[in-house]
Amino acid sequence: MSTTDKLTADEKALLEKMISGEVSLRKIEEYADKDGSAKLRRAYLEANKNISLDHVSTYTFDTETVAKKNIENLIGAVQIPLGVAGEITIKGDYAKGNYYLPLATTEGALVASVNRGCSIITKSGGATVRVFKNQMTRAPVFKFNSLEETKDFYDWVLLPETFDKMKKTADATTRFGELLEVQPFVSGNNVHLRLGFDTKDAMGMNMITIASEAITKLIADEKGVPCVSLSGNMCTDKKPTAINAILGRGKTVVAEARLKASFVQETLKCTPESMFDANYRKNLLGSMRAGALGFNAHAANIVAAIFLACGQDPAHVVEGSLCITEMDLADNGDLICSVTMPAVEVGTVGGGTSIATQQECLKLLGVAGAGAVPGENALALSEIVTAAVLAGEISLVAAQAAGHLARAHAQLGR
Ligand SMILES: CC(C)(COP(=O)([O-])OP(=O)([O-])OC[C@H]1O[C@@H](n2cnc3c(N)ncnc32)[C@H](O)[C@@H]1OP(=O)([O-])[O-])[C@@H](O)C(=O)NCCC(=O)NCCSC(=O)C[C@@](C)(O)CC(=O)[O-]
Ligand SMILES: NC(=O)C1=CN([C@@H]2O[C@H](COP(=O)(O)OP(=O)(O)OC[C@H]3O[C@@H](n4cnc5c(N)ncnc54)[C@H](OP(=O)(O)O)[C@@H]3O)[C@@H](O)[C@H]2O)C=CC1
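The structure reproduced in this document is the subject of the present report. All figures in this text were calculated on a predicted structure; none of them were measured in a lab.

With that out of the way, let us pick up the pairing of strand E8 (residues 250–259). The side chains of a regular strand alternate, residue by residue, between the two faces of the sheet. When you tally the buried positions in E8, you get seven out of ten residues, the bulk of the element. Relative to E8, strand E3 (residues 127–138) is paired through seven bridges, and the arrangement is antiparallel. Residue pairing in the sheet places valine 131 in a bridge with valine 253 of E8. Summarising the sheet, E8 and strand E10 (residues 335–344) pair through eight bridges and their orientation is antiparallel. For valine 254, the partnering residue across the bridge sits in E10 and is threonine 340.

Residues in close proximity to ligand 1 total 21 residues, the closest being Glu107, Ser113, Lys269, Lys282 and Ser395. Between ligand 1 and lysine 269, the relevant distance is 2.7 Å, taken from an oxygen atom to a side-chain nitrogen or oxygen of the residue. One nitrogen or oxygen atom from the side chain of histidine 409 is found 2.9 Å from a nitrogen atom belonging to ligand 1. Look at ligand 1: alone it shows 1100 Å² of surface, and the protein chains cover 62% of it. For the shell around ligand 1, the residue count by class is seven nonpolar, nine polar and five charged.

Let us look at unusual backbone geometry. In this structure, glutamate 87 follows glycine 86 across a cis peptide bond, with omega equal to 10°. Residue cysteine 235 is joined to threonine 236 through a cis peptide bond whose omega torsion reads -20°. For threonine 236, the location among the structural elements is in the loop between strand E7 (227–229) and helix H8 (242–247). Positive phi, normally seen in glycine, also occurs at asparagine 50, with a value near 55°.

Taken together, the side chains of Asp33, Asp35, Asp62 and Glu64 define an acidic patch exposed on the protein surface. Mapping aspartate 62 onto the fold places it in the loop between helix H2 (34–49) and helix H3 (63–69).

In the neighbourhood of ligand 2, 21 residues make up the surrounding shell, with Arg138, Arg175, Gly204, Asn206 and Asp313 lying closest. Between ligand 2 and asparagine 206 there is a distance of 2.8 Å, counted from a nitrogen atom to a side-chain nitrogen or oxygen. Between an oxygen atom of ligand 2 and a side-chain N or O atom of aspartate 313, the distance comes to 2.7 Å. Burial of ligand 2 by the surrounding chains reaches 74%, relative to a free accessible area of 930 Å². In terms of residue count, helix H7 (residues 205–223) provides more of the shell around ligand 2 than any other element does, four residues in total. Grouping the amino acids of the shell around ligand 2 by side-chain chemistry returns seven nonpolar, seven polar and seven charged.

In this section: the pattern of salt bridges. The tally for this structure, following the rule as stated, stands at 19 salt bridges. For the salt bridge of lysine 223 with aspartate 152, the shortest nitrogen-to-oxygen distance reads 3.3 Å. Of this pair, lysine 223 sits in helix H7 while aspartate 152 sits in helix H5 (residues 147–157), and the two are 71 residues apart along the sequence. Residue aspartate 152 is classed as partly exposed on the basis of its relative accessible area, which comes to 43%.

What counts and what doesn't
Residues numbered from 1 in each chain as written. Chains lettered and ligands numbered in written order. Predicted model: local features only at pLDDT ≥ 70, side-chain atom pairs only at ≥ 80, totals over all residues. Heavy atoms only, no water. Buried < 20%, exposed > 50% of the residue type's maximum accessible area, 1.4 Å probe, protein only. Helix = DSSP H or I, 4+ residues; strand = E, 2+ residues; numbered from the N terminus. Pairing = 2+ DSSP bridges. Near = heavy atom within 4 Å. Polar contact = N/O pair within 3.5 Å; in protein donor to acceptor, adjacent residues only side chain to side chain. Areas by Shrake-Rupley, 256 points an atom, 1.4 Å probe, with all protein chains shown as cover. Nonpolar A, V, L, I, M, F, W, Y, C, P; charged D, E, K, R; others polar. Patch = residues over 30% accessible without salt bridge, like charges linked within 9 Å, V, L, I, M, F, W, Y side chains within 5 Å. Salt bridge = Lys/Arg side-chain N within 4 Å of Asp/Glu carboxyl O. Lys, Arg positive; Asp, Glu negative; His and termini not counted. Charge placed at Lys NZ, Arg CZ, Asp CG, Glu CD.

Spatial relationships are all this shows, so hold off on functional conclusions.
Below, the structure is given as structure tokens:
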């Protein structure tokens, strides 16, 4: 049965108005509730394109909330298979214990691979994880008429009293966010202000965009300088950049595991030496020769899968891919593996985190919602994501060292 067949007489009359162009897809919400509007849009598209949208019509989330906060022109939902890897033992400052990792993907072999990484990490005593920096950034850009004005503004920004004023202004826009740092960057007669915030349990981009706008208004009032763009791209949001790789964005996190040689042989079917060699020539030399910003095998794979499962902004996989994977041989023959993730941008409140399926995945990790101490749930999630990346890196480097990559994907991925 097509969606049109399921419409009431009133809804059919509305559909006619959509087809005639009297009511646009966007404006249909003035005549129907969010669920009804989604249904009418599907009926319109089915008629217009002569297709069926039966499968996208199945979802369980609360349409009123989702259509208000998460999406416009809602027509339904797509389904991504969800798997689980683990348990993995994590020894972080915030994530402590054994975790099952929810991974949403369509790439066969990915969950098996992370699962294998979790298995060897856990057998070897777990992954130690530490957060080194925690600042979400927004960088508005200001234009000046002369170099004298540019330098005057730059110097003013660096005054401690200017920071105090900016902090008071920014912090007044949010109950949880806190301005931590203002870094000016100059190019000709332009100044980019990279504003760094602690956003507690929120990933924080809406929060700090509002706070940053308040700072631009303060600057307009105090210095008479209008802001050219609230984001001047030195933030840098959702683009691969050296500034994020060097200075960090969101959480900067490192995870490490020491793998016993006997476990490497047994679980990964190769040796510490072959993994060291593969990592050096592939992740370090190969990435360098390619001009990469991320020196890893597939950090983005794991970040994407866990982000989709847990309601994170999928575009932040770009920053998640800025990972350096290291493998070193210890004197006793163990393999010391680590991943350094400069920009893990995660939250446990806000964005897509409250959608029912994503909430369940966050609950599986024990980090849903606000932390008992604000910020601690998001910090725990950043440690979990980084440990998961370590598991994926160990398994994939091992598969390539053992010559098993094509075989694995032939067996599990097609
Ligand atoms: C596929 C494996 C794991 C087989 O690995 P194996 O060692 O031959 O498998 P095994 O049957 O001996 O099992 C070993 C462990 O692997 C796990 N495991 C094994 N099978 C499953 C399964 N079905 N479901 C869940 N877990 C599984 C599980 O932990 C198991 O332990 P056990 O539970 O038996 O004690 C391995 O060959 C592997 O990890 N290959 C790498 C695959 C991979 O990482 N793919 C990711 C995408 S590659 C890509 O997109 C990026 C790329 C490659 O282009 C990037 C680049 O340039 O490098
Ligand atoms: N605006 C933009 O330019 C961009 C937006 N995005 C989108 O932004 C969204 C995420 O923004 P984000 O600001 O994280 O989320 P939300 O806009 O959903 O806001 C989260 C709010 O939750 C409140 N809050 C309640 N408890 C806590 C707590 N424990 N810790 C922190 N905050 C808490 C805060 O309110 P209060 O501030 O009052 O304290 C906070 O601002 C995503 O949908 C993402 O896709 C992504 C990139 C850019």
